Amino acid sequence: MSHRQTDLLDSLSAELSRQLKDHVDQVLLEIIRPNFASQFAQGAPELAEFREAIAQSDSKDDVDILRSFRGFVPITNYEPYRPFIAKFFVVPCMEADIKSMFAPGLPYFLAMSSMTSRNAPKLFPKYRPPPHLLQQNSYTALLPSEGTILSPSSLRYWQVLKIDCEDGQSSKEVAVCSTSIGIMRMGMNWDVERDKDRLNLWVPGKTDPYAISLVKNYRTLFILNALFALADHRVTTIRFLFANVFVIFCQYVEDEWPLLVECIEKGIIPEVEDLGDLRTPLEKYLAPNPGRAAELRGIGPPVIQGWAVRVWPDLKQFVGITGGQAAISVPKVTQLLGPSVSIRSHGYSTSECGIGKPYHEGDPNTDFKVGFRDGVIEFLDVRSDDPSDRVLSAWELVTGGHYEPVVTTRSGLWRYRIADVITVKGFSPDDGLPVINYLHRRDDSLGVAFGASCTESQLTDAIVSSAQQSIGQIIAFTIVLDDRETPVTYGYLVELAGEPRRDTRMATKQTFENLITASDDYRLVVWQGRSRRPTIRIVNKGTFAEYHRQKCEQKNVTVGQVKVPVVIFDPTMKEWFLERVIMEL
């Protein structure tokens, strides 16, 4: 689908630069003043020079505060925060011990980063923002003005922390969960203590009753969401965190199609795993609908072009992350939706901080306008040879430059490294804010393992291009170290939506050519004999859906918390995928 384009500025005028600086300074002061009194800001060794600078200056003077921040707050990673976050997990956890740990008061929830094969999740306390910012971030703001939204959501949490309050008699429960779940709970005032009191709730505009969000079983969550969505012909918006999860959702719909249609016809909740006492509140919301069931039988399962708009004639848009590894599933998503449905991203956000929202005057899938709702975004020049890692402000960026975002947040992070790489596409002519594209993670482990430093985006783009030319429609992939021969190389493991094309013998050659064209480093190590042509193996249908299901249930997390890494390093995980290989190209 085409996107209307507006002319971005290559550089900022003096006036726009001044406006942008004033805006950044204002937000910084809104963050520094309250958070400077936090336990972290007053106790972390990394901020000792900043504390001293503030003590020696006029603490009421805005210019002095900003000068001290920019001159004495160093770049940080997770390690300085770890011992302070650990205090939330002490039993008993006393309010006095963790109050104002990073920002004033107690956090509303602790956000978890996504889980990969190599790393345990990082945890970030999240505090309730000012009311006007909470409204911008609220879940109700995402609901469509007309029709309904299919947006499978789980309120499942990893853990609940009990905090004994200062009065000595009461306690407060704080959920440890994904950022999206925490924001939903905060925006709707859905505290964990009263989850069971809301079983009869159905938020207007949603296809699914509230009770489904409390389902813990992965398969059951998807089947029940599919059941109520298929029964509702009014859907105008489909929203998933990642586009590839929508493909997994449709695989469940395809597998359970006869059951789902029969349940809609008879108005019954199917016998599914781990539903328990949630069955009763759901049963009263599903009435027999033989007319809708007949419509669905006439359409059939999600295997045809434009299936979604036939099931939901008013469907207008799909919202989900389509960049990074999720890009591989976009052709399948487009096929299922049909050409009339627009596709856009949620925005560019991490567990630590929101970075940018979709820039609708460009490509809303890949263009993000930097924003300062959650915090101030600064940048490191990843191409710079300057050993000091000078931090750049938004008005100092250069179009075409590659940068790593560094965030100072309302929830108490100070110049925290995100470890992503973005490029600046230009500047918005309205307010001068940078418009950026996400490129890849800033990670050198690929070069160490494979002897060549292809980025994750280069590896993804190479297989996406090959799929279009000679493999067939790929819905998911990952990469392992293929050491069956020497030298080692990238071993792609891919799952196809259908049968492979007849000319797949060219796939590895095309992927190889894509990589050597994209990466000078890879071309060099191949020429030196330290790497070779990549390999491509096909895994069974449903492999990636099964991986997601197992990880969600093993780790007690939601689907949004599980990412299949672009490159697998864990030997157990590698073996699990290799056991499901059915052919090699």
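Before any of the text, the structure's been laid out above.
My aim in this report is to walk through the structure given alongside it, one point at a time. Note that the structure is a prediction, hence the values are computed from the model and not measured. The numbers attached to residues start from 1 for each chain and follow its sequence in the written order. Side-chain atom pairs in this predicted model are given and counted only at pLDDT of 80 or more, local residue features only at pLDDT of at least 70, and totals for whole chains, interfaces and linings cover all residues. Side-chain metrics in this entry use all non-hydrogen atoms of the structure; hydrogen atoms and water are not considered.

1. Remarks on the pairing of strand β3 (residues 123-126)
No. 1: Across the two faces of β3 the burial is the same, with Leu-123 and Pro-125 and Phe-124 and Lys-126 all buried.
No. 2: Strands qualify as paired when DSSP identifies two bridges or more between them. By the criteria applied, helices consist of DSSP H or I runs no shorter than four residues and strands consist of E runs no shorter than two, each listed in order from the N terminus. Note that strand β2 (residues 109-112) and β3 share 4 bridges and pair antiparallel. Bridge assignment links Ala-111 to a residue of β3, and that residue is Phe-124. Throughout this description, buried means an accessible area under 20% of the type-specific maximum (1.4 Å probe, protein chains only), exposed means over 50%, and partly exposed covers the range between.

2. A short note on the packing of aromatic side chains
The description of two aromatic rings rests on the distance between their centres and on the angle between their planes.
No. 1: Each aromatic pair joins two rings of Phe, Tyr and Trp (for Trp, the six-membered one) with centres within 6.5 Å, and gets the label stacked for planes under 30 degrees apart, edge-to-face for over 60, and tilted for any other angle. Taken as a whole and assessed by the stated rule, the structure comprises 35 aromatic pairs.
No. 2: With a centroid separation of 5.6 Å and 80° between ring planes, the pair formed by Trp-307 and Trp-312 is classed as edge-to-face.
No. 3: Judged by relative accessible area, Trp-312 falls into the buried class, the value being 1%.
No. 4: Here a set of aromatic residues connected by ring pairs shows up, and it is made of Phe-40, Tyr-78, Tyr-81, Phe-84, Phe-102, Phe-124 and Tyr-416.
No. 5: Remark: a charge is flagged as sitting over a ring if the NZ atom of Lys or the CZ atom of Arg is within 6 Å of the ring centre and within 35 degrees of the ring normal. Positioned over the ring face of Tyr-78 is Lys-122, at 6.0 Å from the centre of the ring.

3. Here we look at the side chain of Asp-232
No. 1: For Asp-232, the position within the fold is in the loop between α9 (218-231) and β7 (235-242).
No. 2: In protein, a polar contact requires one atom able to donate a hydrogen and another able to accept it; more generally it is a pair of N or O atoms within 3.5 Å, and residues adjacent in sequence count only if both atoms are side-chain atoms. Of note is the side chain of Asp-232, whose polar atom sits 3.1 Å from the side chain of Thr-148.
No. 3: Here Arg-234 takes part through its backbone nitrogen, which lies 2.9 Å from a polar atom of the side chain of Asp-232.
No. 4: When sequence neighbours within four positions are dropped, the list of residues in contact with Asp-232 reads Thr-148, Thr-207, Arg-292 and Trp-312. The contact criterion used is simple: two residues touch if any of their non-hydrogen atoms lie within 4.5 Å.

4. Focus on the side chain of Arg-532
No. 1: Within the fold, Arg-532 resides in the loop between α19 (520-527) and β21 (535-539).
No. 2: Polar side-chain contacts of Arg-532 include one of 3.3 Å to the backbone oxygen of Asp-482.
No. 3: Arg-532 has contacts with Asp-482, Arg-484, Glu-485, Thr-486, Pro-487, Val-488, Thr-489 and Tyr-522, leaving out every residue within four places of it along the chain.

5. Let's talk about the sheet that holds strand β20 (residues 489-496)
No. 1: The 4 strands are arranged β19-β20-β21-β22 in an open sheet whose pairing can be described as mixed. Pairing within the sheet leaves two strands with one partner each, and these edge strands are β19 (474-482) and β22 (581-584). Each strand axis lies, on average, 30° off the axis of its neighbour in the sheet, ignoring direction.
No. 2: In this fold helix α18 (residues 507-518) packs onto β20 and β21, with an angle of close to 125° to the strand it touches most, β21. Between N-to-C directions, angles span 0 to 180 degrees; the directions come from axes that are lines fitted to C-alpha atoms, helices contributing only their stretch in contact.

6. What about the pattern of salt bridges?
No. 1: Salt-bridge detection follows one rule: a side-chain nitrogen of Lys or Arg within 4 Å of a carboxyl oxygen of Asp or Glu. Across all of its chains, the model carries 37 salt bridges by this definition.
No. 2: A salt bridge links Lys-369 to Asp-431, with the shortest nitrogen-to-oxygen separation between them at 2.9 Å. Taken as a pair, Lys-369 in strand β12 (residues 368-370) and Asp-431 in the loop between β17 (420-427) and β18 (434-441) lie far apart in primary sequence, 62 residues in all.
No. 3: Of the residues examined, Asp-431 reaches a relative accessible area of 27% and is grouped as partly exposed.
No. 4: Notably, a salt bridge pairs Glu-584 with Arg-484, separated by 2.8 Å at the nearest N-O pair. A residue pair is termed long-range when its members are at least 10 positions apart, and Glu-584 in strand β22 and Arg-484 in the loop between β19 and β20 qualify at 100 residues.
No. 5: For Arg-484, a relative accessible area of 46% translates into the label partly exposed.

7. A closer look at the environment of Gln-468
No. 1: Mapped onto the elements, Gln-468 comes out in helix α17 (residues 456-471).
No. 2: On the accessibility criterion, Gln-468 (52% relative accessible area) is exposed.
No. 3: Spatially, the C-alpha atoms of Gln-468 and Leu-201 are 45 Å apart, while their sequence positions differ by 267 residues.

8. Section: the packing of helix α10 (residues 243-255) against helix α20 (residues 543-555)
No. 1: The N-to-C vectors of α10 and α20 enclose an angle of 100°; their axes lie 10 Å apart at closest approach. Between α10 and α20, the angle falls in the class roughly perpendicular. Only Phe-544, Ala-545, His-548 and Arg-549 of α20 make contact with α10, whose side of the interface consists of Asn-244, Ile-248, Gln-251 and Tyr-252.
No. 2: By the convention adopted, Pro, Cys, Tyr, Trp, Phe, Met, Ile, Leu, Val and Ala count as nonpolar, Lys, Arg, Asp and Glu as charged, and the other residues, Gly among them, as polar. For the contact of α10 with α20, the class distribution of residues is 4 nonpolar, 3 polar and 1 charged. Put simply, angles under 35 degrees are roughly parallel, angles over 145 are roughly antiparallel, angles from 65 to 115 are roughly perpendicular, and the rest are oblique.

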